[in-house]
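Working through the structure, step by step
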Amino acid sequence: AFGVIADIQFADAEDGHDFGGSRRRYYRHSLRLLREAVRAWAGESPPIDFVLQLGDSIDGQNARRGEAESALQQVLDVLGQLSVPVHHAWGNHELYNFSRARLVHTGLYSRPAGGWDGPPDRECHAYHFSPAPRLRLVVLDTYDVSTLGTDPGSLRYQGSLRVLREKNPNDDLNSPAGLKEPHFVAFNGGFSQAQLDWFDEVLKFSDENQEKVIVMGHVPIHPSASNGVCLAWNYEAALSVIHAHRSVVCVLAGHLHDGAYCLDPHGVHHLTVEGVIETPPGSNAFGTIYVYEDKMVLKGKGRIPDRVMHF
């Protein structure tokens, strides 16, 4: 069993609204909801084995306020009350606050130090681990190709900007207005070929060893588990790797605060988890997933509905 939570986006700030101005965001309250989640997970019986934090743990406004380090520390302190590991995806809001080079040296860097757990690029926050026999969890870095958190003089930035500019001619690169492919916006990102090649090798290993694989990353990789905008740039490439193997049973993501779900034609479940940041007082948005031989059962709290996902 493991916990899931997405888009906490904590800031020590008064409530605000999304970029469209229509949806309320509860910046300070989100830390209270995280505490509630941690208390619930700590009381689970049988105990959970780990927690997946699906990205955007703190809000981008912390950078402007000079509070990025302190906001992150407050979130990590709450999660640190758990006696089990927490695995972090990196989201766009992490990268508004910190460079990739800095994130490597924070508590959000949950990639193990050892050997072939991740791609050769140490700044790529992708890795895998096996929490139980014949079960593997793969953490993907959905901002491996991105203009966020990278030095504008770097090859990573220049290459990412080229990809983005080919598809998005808007002055505001965060605007999907008029785009044929509206997911080519700066608040999304994509996968390098090196990460996709590594992912393919991990899934080959899992196929050979008859493992079930759960994949997690911040940005959804299936259009039907998205709103059409919140989607990885080269999501088709990631899906083609998954569909070339038989081991993946579920892909978990955040980023889209409304949440979404689909079962794709290859039998892979895509679950996008509702965001804490837009959860009003009196509700919550976290869950516990129980993994069986033939299914995963999500017990959700507040905005997150219960769900049974058969393999």
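Quick notes on the rules
- Residues numbered from 1 in each chain as written.
- Predicted model: local features only at pLDDT ≥ 70, side-chain atom pairs only at ≥ 80, totals over all residues.
- Heavy atoms only, no water.
- UniProt positions renumbered as here; feature names shortened; annotations may be inferred.
- Helix = DSSP H or I, 4+ residues; strand = E, 2+ residues; numbered from the N terminus.
- Rg over C-alpha atoms; globule rule 2.2 N^0.38 Å.
- Buried < 20%, exposed > 50% of the residue type's maximum accessible area, 1.4 Å probe, protein only.
- Contact = heavy atoms within 4.5 Å.
- Areas by Shrake-Rupley, 256 points an atom, 1.4 Å probe, with all protein chains shown as cover.
- Lys, Arg positive; Asp, Glu negative; His and termini not counted.
- Charge placed at Lys NZ, Arg CZ, Asp CG, Glu CD.
- Pairing = 2+ DSSP bridges.
- Axes fitted to C-alpha atoms, helices over the stretch in contact; angles between N-to-C directions.
- Core = buried A, V, L, I, M, F, W, Y, C linked by side-chain atoms within 4.5 Å.
- Salt bridge = Lys/Arg side-chain N within 4 Å of Asp/Glu carboxyl O.
- Right-handed = clockwise from strand over helix to strand, strands pointing away.

Per an unreviewed UniProt entry, the protein carries the name Manganese-dependent ADP-ribose/CDP-alcohol diphosphatase and comes from Promerops cafer. Here is the UniProt Cofactor (unreviewed entry) comment for the protein, exactly as written: "Mg(2+)". UniProt's Sequence similarities (unreviewed entry) comment on the protein is quoted here verbatim: "Belongs to the ADPRibase-Mn family."

1. With respect to the overall build of the protein
The secondary structure content of the protein amounts to eight helices and 14 strands. Its C-alpha radius of gyration of 18 Å places the protein within 12% of the 19 Å reference for a compact globule of 311 residues. Relative to its 311 residues, the protein shows a buried fraction of 59%. Taking contacts inside the protein between residues at least 6 apart in sequence as the whole, the part at least 24 apart equals 63%. When the accessible area of the protein is evaluated, it comes to approximately 12700 Å², of which 51% is carbon and sulfur surface. Taking the 28 positively charged and 38 negatively charged side chains of the protein as two groups, their mean positions are separated by 2 Å.

2. Side note on the environment of Leu-52
Along the chain, the position of Leu-52 falls in strand E4 (residues 50-53). Take Leu-52: its relative accessible area is 0%, and that puts it in the buried class. In the structure, Leu-52 is positioned 46 residues away from Phe-98 in sequence and 20 Å away in space, judged by C-alpha atoms. Ignoring anything within four residues of it in the chain, the contact list for Leu-52 reads Phe-2, Gly-3, Val-4, Ile-5, His-87, Leu-137, Met-216 and Leu-252.

3. Topic: the sheet that holds strand E12 (residues 285-291)
Taking strand neighbours across the sheet as the criterion, the six strands line up as E5-E4-E1-E12-E13-E14 in an open arrangement whose pairing is mixed. Each edge of the open sheet carries a strand with a single partner, namely strand E5 (86-88) and strand E14 (307-310). Within this sheet the neighbouring strands show an average axis-to-axis angle of 20°, counted without direction. Where E4 lies against E5, three bridges are found, and the strand directions are parallel. Bridge pairing in E5 links Leu-52 to His-87. Lying on the sheet, helix H1 (residues 29-42) is in contact with strand E1 (2-5), E4 and E12; it crosses E12 at an angle near 25°.

4. A short note on the nonpolar core
Membership of the largest hydrophobic core comes to 81 residues, with the highest contact counts inside it found for Phe-2, Leu-34, Trp-41, Phe-199, Ile-221 and Leu-252. Beyond its immediate chain neighbours, meaning those up to four positions away, Leu-34 contacts Ile-5, Ile-8, Val-75, Val-78 and Leu-79.

5. Details of the environment of Leu-79
Structurally, Leu-79 is set in helix H3 (residues 68-79). On the basis of relative accessibility, which here comes to 4%, the residue Leu-79 falls in the buried class. On a C-alpha basis, the gap between Leu-79 and Val-139 in space is 18 Å, while along the polypeptide they are 60 residues apart. Apart from the residues lying within four places of it in its own chain, the contact partners of Leu-79 are Leu-34, Val-38, Gln-53, Val-86 and His-88.

6. Examining the sheet that holds strand E8 (residues 212-216)
Ordered by their spatial adjacency, six strands build an open sheet running E6-E7-E8-E9-E11-E10, and the pairing between neighbours is mixed. Edge positions in the open sheet fall to strand E6 (127-132) and strand E10 (260-263), since each of these has one partner strand only. Averaged over all pairs of adjacent strands, the angle between their axes in this sheet comes to 15°, without regard to strand direction. One ladder, built from four bridges, connects E8 with strand E9 (residues 248-253); its direction is parallel. Looking at E9, one finds that Met-216 is bridged to Leu-252. In this fold helix H7 (residues 193-208) packs onto E6, strand E7 (135-139), E8 and E9, with an angle of close to 175° to the strand it touches most, E7.

7. Side note on the pattern of salt bridges
All told, the structure shown has 16 salt bridges when counted by the stated rule. A salt bridge links Arg-156 to Asp-121; the shortest N-O distance between them is 2.6 Å. Taken together, the residues span a long stretch of sequence, with Arg-156 in helix H6 (residues 155-167) and Asp-121 in the loop between helix H5 (100-103) and E6 at a distance of 35 residues. Salt-bridge contacts for Arg-156 lead to Asp-144; the nearest nitrogen and oxygen are separated by 2.9 Å. Of this pair, Arg-156 sits in helix H6 while Asp-144 sits in the loop between E7 and H6, and the two are twelve residues apart along the sequence.

8. Details of the pairing of E8
Within E8, four of the five residues are buried, which leaves it mostly tucked inside the rest of the structure. Judged from the five bridges that link them, E7 and E8 form a sheet pairing that is parallel. Its bridge partner being in E8, Val-139 is matched across the sheet by Met-216. A crossover connection joins E8 to the parallel E9 through helix H8 (residues 235-243); in handedness this β-α-β unit is right-handed.

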